[in-house]
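Below are the chains, spelled out letter by letter.
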Amino acid sequence: MKFMKTNKWIYAIMLASLVWVACDDDDDKIIDPALNDTDETFVEVAARSNMAQIEFSKIALAKATDSLVKVFAQDMINEHTAAQDELEDIADDFRGVEWPNDLDEGHDAIRDQLDSVAASYTFDTLFIGTQVRAHAANRNVYQTATTTTTEARVKSYASKYLPHIEQHLGRADSLQAV
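Bear in mind that the values here come from a model prediction, so they are computed numbers and not experimental data.

**So, the packing of aromatic side chains**
Reasoning step 1: This structure, assessed with the given rule, holds 6 aromatic pairs.
Reasoning step 2: Among the aromatic residues, ring-to-ring pairing joins Phe42, Tyr142, Tyr157 and Tyr161 into one connected group.

**So, the environment of Ala52**
Reasoning step 1: Within the fold, Ala52 resides in helix H2 (residues 37-63).
Reasoning step 2: Under the relative-accessibility criterion, Ala52 is labelled buried at 0%.
Reasoning step 3: Residues Ala52 and Ile110 lie 58 residues apart in sequence; the distance between their C-alpha atoms is 9.0 Å.
Reasoning step 4: Ignoring sequence-local partners within four residues, the contact set of Ala52 consists of Leu103 and His107.

**With respect to the layout of surface pockets**
It is the rolling of a water-molecule-sized probe over the atoms that shows where space remains empty.
Reasoning step 1: Roughly 160 Å³ of volume is contained in the largest pocket.
Reasoning step 2: Taken together, Asp66, Leu68, Val69, Tyr121, Asp124, Thr125, Ile128, Leu175, Gln176 and Val178 make up the full set of residues lining the largest pocket.
Reasoning step 3: Elements supplying a minimum of two residues to the lining of the largest pocket: helix H3 (67-91), helix H5 (121-148) and helix H6 (152-176).
Reasoning step 4: A total of 4 residues in the lining of the largest pocket trace back to one element, the largest contributor, which is H5.

**A closer look at a negative patch on the surface**
Reasoning step 1: A cluster of acidic residues, Asp85, Glu88, Asp89 and Asp92, forms a negative patch on the protein surface.
Reasoning step 2: Within the fold, Asp85 resides in helix H3.

**Let's talk about the packing of H2 against helix H4 (residues 105-116)**
Reasoning step 1: The geometry of H2 relative to H4 is characterised by a closest axis approach of 10 Å and an angle of 0 degrees between their N-to-C directions. With respect to H4, the element H2 is oriented roughly parallel. Taking contact as the criterion, the partners of Arg48, Ala52, Glu55, Phe56, Ile59 and Lys63 in H2 are, on H4, His107, Ile110, Arg111, Leu114, Asp115 and Ser116.
Reasoning step 2: Broken down by class, the residue content of the contact of H2 with H4 amounts to 5 nonpolar, 2 polar and 5 charged.

**Describing the pattern of salt bridges**
Reasoning step 1: Tallied over the entire structure, the rule returns 5 salt bridges.
Reasoning step 2: For Arg111, the salt bridge goes to Glu55, with nearest N and O atoms at 2.7 Å. Taken together, the positions of Arg111 in helix H4 and Glu55 in helix H2 put the pair 56 residues apart, joining distant regions of the chain.
Reasoning step 3: Taken together, the salt bridges that share partners define one network made up of Glu55, Asp108 and Arg111.

Conventions and cut-offs
- Residues numbered from 1 in each chain as written.
- Predicted model: local features only at pLDDT ≥ 70, side-chain atom pairs only at ≥ 80, totals over all residues.
- Heavy atoms only, no water.
- Phe/Tyr/Trp six-rings, centres within 6.5 Å; stacked < 30°, edge-to-face > 60°.
- Helix = DSSP H or I, 4+ residues; strand = E, 2+ residues; numbered from the N terminus.
- Buried < 20%, exposed > 50% of the residue type's maximum accessible area, 1.4 Å probe, protein only.
- Contact = heavy atoms within 4.5 Å.
- 1 Å grid on protein atoms, 1.4 Å probe; cavity = no way out; pocket = protein on both sides within 12 Å on 5 of 7 lines; lining within 4 Å.
- Points joined across faces, edges and corners; volume = space filled by probe spheres on them.
- Patch = residues over 30% accessible without salt bridge, like charges linked within 9 Å, V, L, I, M, F, W, Y side chains within 5 Å.
- Areas by Shrake-Rupley, 256 points an atom, 1.4 Å probe, with all protein chains shown as cover.
- Salt bridge = Lys/Arg side-chain N within 4 Å of Asp/Glu carboxyl O.
- Lys, Arg positive; Asp, Glu negative; His and termini not counted.
- Charge placed at Lys NZ, Arg CZ, Asp CG, Glu CD.
- Axes fitted to C-alpha atoms, helices over the stretch in contact; angles between N-to-C directions.
- Parallel < 35°, antiparallel > 145°, perpendicular 65-115°, else oblique.
- Nonpolar A, V, L, I, M, F, W, Y, C, P; charged D, E, K, R; others polar.

Structure, rendered in structure tokens:
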């Protein structure tokens, strides 16, 4: 009889130990590593740029008078939204990335400028001019990121989207010439 009581206690202790181990969420490993400063800065700049391109292009969809400008704007919305979603998936895996919730001052000023111009040829010219300047600047940022970032997914993102940025720049440049 004493043997059975001892076995029950041993089984109870073993069961409690198993439950405790199963519920322990400290796996002693880094779940959300941090990016180095270069990688983190690139992610934050690219995110803000994607956000700006989406916002500017939404304004252009409403105000552009040239059908080619409207098509370009819709393409920018589609492509920068896909790029933003992919970048956010990367950023979610790292702590410390400051994901933008709104535009910075420079992009905010451009948005205000686009908002202030009536739907016209002037708006189309202004919008395409902002696209040429923005994509030229982004090309430089992405080119630098392909050689200076160290985290594999960040470097892969920069390498994947650099040709897209160059294509957008070429398209905007050709629309500016019209």
